[in-house]
Structure formats: structure tokens, C-alpha cells
Amino acid sequence: MQHSWRTAAFHSARRRKVGASSFSTSSTNQEETSTLLACALDRVRLEGTSTGTNLIAYSGGVDSSLVAALVRQVFPSNSVACIGLSASLPDNQLTLARQVAAHIGIPLREVPTYEGAAPEYVANRGMSCFHCKNHLYTALQAVAAVAGTHMNGPLSSNFLHSSQRRSTETLQHVKLNGADASAPSAVALFNGTNADDRRDPTRVGLKAATKFKVRSPIDHLTKGEVRLLAKAMNLPNWRHAASPCLRSRLAFGVPALEAHLRRVETAERIVKATLGGKLDDKEGESGLSKLGVHHNVRVRLMARGKAMIELDVELLEIAASYLSTFEGRFKKELGFTEVSLRAFKSGSVSSVTKVASGTEGGGKGAKQPGRKKGNGVAIYQSE
């Protein structure tokens, strides 16, 4: 279905010969970029609401930023970006999200979420992302139902907590997500899911999006195409490396406690500062001794308090020369027991394992956490 949409929209936009005077792409791919952008705008126009409210589940990452920019362009007067505030959101990501929203010109609502109170989330045994997104979308519905969404800034934690408790009753009287877009009370909820995400079976948060009927207007675009359009729309974060939530740094079974999340956040800050990380995308005089915004940096909290530093391959050699520095600070300041270094791989503490019919685990009589009986896959955590 996604492919049929992509094909039809692509050729429809091409026939219209949409202009590309506002794009900052080269002439060789300008026409393709124009067509892809027209397709994405068509999706937003079709799935959004002109009379209700368009809410974007926003993180400041390139995917949700592109969706925010698209929705803002199509529905400039009734679109709001919403970011969830919790211990899993790095401080620097919130700062970036605010800057990008201001650049786009879309109001930003900062919404406290309470996934950390859910035992299933804290347990971190494969479904944390689902429970996190479930809390986020519930919070956004509560905002849409009772708070009003046209203003910038943070929402009162006390207010949102009470409104979420009341949301079940309130939402019985408010048409949301699946509603007729022409209804005055309709709310269209968007996210930044792309085509690559759809192909990743570990992204269990997509199950929550389905449950809440969230629109995904760029799920026909690959990550590369997302970046192409983000650059064309002059988004300042078009080249930024992915920055998933801090919970994704925790190995399977390591509890998603605030103390653990803050530990990996601080550890990553130490790595970036030590390697000369900068906020711009320019390499320093020593080349790769300076981090660009496109470089991937992760510190994973493994079992038994071990830290695993992951960096892009081209950074490993210089990082190795600082390994003793990392070990000293990580152990003394953060309480890590061991520190190791390896190449970055997205979802490296995730696992998807096929399970044979009638078995559980990898061998006879073996029972491994995260697996399930029957045909299918066992989903572990994902970035």
C-alpha cells in the first residue's frame, strides 16, 4: 500500500511539474527533489485537517522536523509541534528541538510524559518503546482535548498529570485521530516514521502509533530522501546524526531508571567534550579530532555496570588514545565498572530472533529473555 501511494503520488506530482525555485539542491536532482516534496505535501494535505488541529509528535530529529515543516507549510495557522519531556530526553536534544521549531516557525508545546512510572517501561525487556509512545500519544490527546494547543512553551506538569487522568472521560466527547478531518474538533496526529523504520521489526513504538491512528506522511521516503528534503527546505539539522532517546542506550534488561539515563547522558557529554565536539558541522584543525554534527556517539550501559562507547569507524583510532581518560572519569565520576570501545551500530543492544514453532529460546530446554513461543520473532529493544 505504501508503494502504491508512492508511485501514484510521484507520477501525479511529476505531471504537475511543481516548481522548485525555493530549493537549495543541485540541478541534477532538483526535479526529483521537487517531486518528492510535492508527494509529501500531498500526503499532509490529504491526512491533515484544515479546521481542527494538526499535532506533530516532535523530537527535533530530522524526520519529525521535516514533518513539522511540511505540516506547517500546508496548515500554517493550526499546526503545533509537541515534544515529550521526560528523563529519556537529552538536554541538548531539547535545546536543538527548540531551535529547529523556531527556525520552522511552528509553535512548540513541551509536554511532560510519565512513562517512567510504568513498570513495563522500566523493566526494559523489549517493549519499552511501545509503552513510551503509548504515554506520549495519550499525553498529546489530553493536550488536544483540554489544554488548547496554539501557544508555545511548557505545559504545567500538575495540569497535564490531572488532565491525563481525566482524558478517558474527556476523549469520549472529542473526536480524535480517526475523526473526519472536516469536523471542527478533529485532531490529526502526525509522526516522523520513514520507510526505513517500517522495515525495522524492532521498532515496536510503531504499534502504539497504529493504536492511536497516527499519520506518517513520510513513510514512503527513505532516510536519505528525508535528509534530501530537509536540506531542500533549509532545515538546520538536515545532516545531524540520529539522536534516539536515552533509554535506547540501555542493554536489554538494564532498568530504565532516571539514574541510568542520566549516567549515559553525562558519559556521552564527556566523550564529546574530550574529542572536541562542536555544535557546528566543521572539522577542526586536527581533522577528525573534532566531532561534526553528523558523527554518531553512543555510550551504552551494559549489564553489571559496564560502559560501551560506540563511535563511527573513522573516530575509533583517536578515541582509543583517550580510552584511559574515559575509563578514569567513567569509573570515578559515574560509577561504571568497565569501559570498552567499538564501532557504532544502530540498535546494537537490540535483538530480533526468529523462533521455531513450538520452541522457546535457542536450544532444547533453554529459556532466553525476550523470546516467545510459536512462529514469529521476539522483539528486543531498538533505537
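In the nomenclature of an unreviewed UniProt entry, the chain is known as Asparagine synthase of Nannochloropsis gaditana.

Engineer: What is the right way to read the packing of aromatic side chains from this model?
Structural biologist: Considering all chains together, one arrives at three aromatic pairs under this definition. Where Phe326 meets Phe330, the ring centres are 6.1 Å apart and the plane angle is 35 degrees; that geometry is what we call tilted. With Phe326 and Phe330 both in helix 13 (residues 323-334) and four residues apart, the pair spans about one turn of that helix. A relative accessible area of 0% means that Phe330 is categorised as buried. Ring centres 5.4 Å apart and planes at 40 degrees place the aromatic pair Phe330 and Phe336 in the tilted group. The rings of Phe326, Phe330 and Phe336 are connected pair by pair, giving a single aromatic cluster. Sitting over the ring of Phe336, Arg263 keeps its end group 5.3 Å from the ring centre.

Engineer: Just checking my understanding: could you explain the nonpolar core for this structure?
Structural biologist: In globular proteins that are soluble, nonpolar side chains generally tend to be buried together. In terms of nonpolar packing, the biggest core is built from 37 residues, with Ile56, Tyr58, Leu66 and Leu70 touching the most fellow members. The element best represented in this core is helix 3 (residues 62-74), accounting for eight residues. When residues no more than four places from it in sequence are discounted, the contact partners of Tyr58 are Ser64, Ser65, Ala68, Ala81, Cys82, Ile83, Ala97, Val100, Ala101 and Leu108. Counting residues in hydrophobic clusters, the runner-up holds 31 residues, among them Ala118, Val122, Ile270 and Ala307.

Engineer: What exactly am I supposed to notice about unusual backbone geometry here?
Structural biologist: Among all residues save glycine, negative phi is the norm, and among peptide bonds the norm is trans. For Asn234, which is not glycine, the phi dihedral falls at a positive 60 degrees. Taking relative accessible area as the criterion, Asn234 reaches 41% and is therefore assigned partly exposed.

Engineer: Please explain the sheet that holds strand 8 (residues 338-343) as it appears in this structure.
Structural biologist: Within a sheet, each strand pairs with its neighbour through backbone hydrogen bonds, oriented either parallel or antiparallel. Spatial strand order, 6-7-8: three strands in an open sheet with mixed pairing. The open sheet is flanked by strand 6 (297-301) and strand 8, the only strands paired with a single partner. Strand-to-strand twist across the sheet, computed as the mean angle between neighbouring axes with direction ignored, equals 20 degrees. Here five bridges tie strand 6 to strand 7 (residues 306-311), and the two strands are oriented antiparallel to one another. For Arg298, the partnering residue across the bridge sits in strand 7 and is Glu310. Its contacts with the sheet put helix 11 (residues 258-274) on strand 6 and strand 7, and the angle it makes with strand 6 is roughly 145 degrees.

Engineer: Can you help me understand the pairing of strand 2 (residues 79-85) in this one?
Structural biologist: Side-chain positions along a regular strand alternate between the two faces of the sheet. Buried residues dominate strand 2, accounting for six of its seven residues. Pairing geometry for strand 1 (residues 53-57) and strand 2, over four bridges, is parallel. Residue pairing in the sheet places Ala57 in a bridge with Cys82 of strand 2. Once you follow strand 1 into helix 3 and on to strand 2, the crossover reads as right-handed. Direction of pairing for strand 2 relative to strand 3 (residues 108-112): parallel, over a ladder of five bridges. Counted as the bridge partner of Cys82 is Arg109 from strand 3. Assessed by its sense of winding, the connection that carries the chain from strand 2 through helix 4 (residues 91-104) to strand 3 is right-handed.

Reading guide: rules and limits
- Residues numbered from 1 in each chain as written.
- Predicted model: local features only at pLDDT ≥ 70, side-chain atom pairs only at ≥ 80, totals over all residues.
- Heavy atoms only, no water.
- Phe/Tyr/Trp six-rings, centres within 6.5 Å; stacked < 30°, edge-to-face > 60°.
- Helix = DSSP H or I, 4+ residues; strand = E, 2+ residues; numbered from the N terminus.
- Buried < 20%, exposed > 50% of the residue type's maximum accessible area, 1.4 Å probe, protein only.
- Lys NZ or Arg CZ within 6 Å of the ring centre and 35° of its normal.
- Core = buried A, V, L, I, M, F, W, Y, C linked by side-chain atoms within 4.5 Å.
- Contact = heavy atoms within 4.5 Å.
- Pairing = 2+ DSSP bridges.
- Axes fitted to C-alpha atoms, helices over the stretch in contact; angles between N-to-C directions.
- Right-handed = clockwise from strand over helix to strand, strands pointing away.

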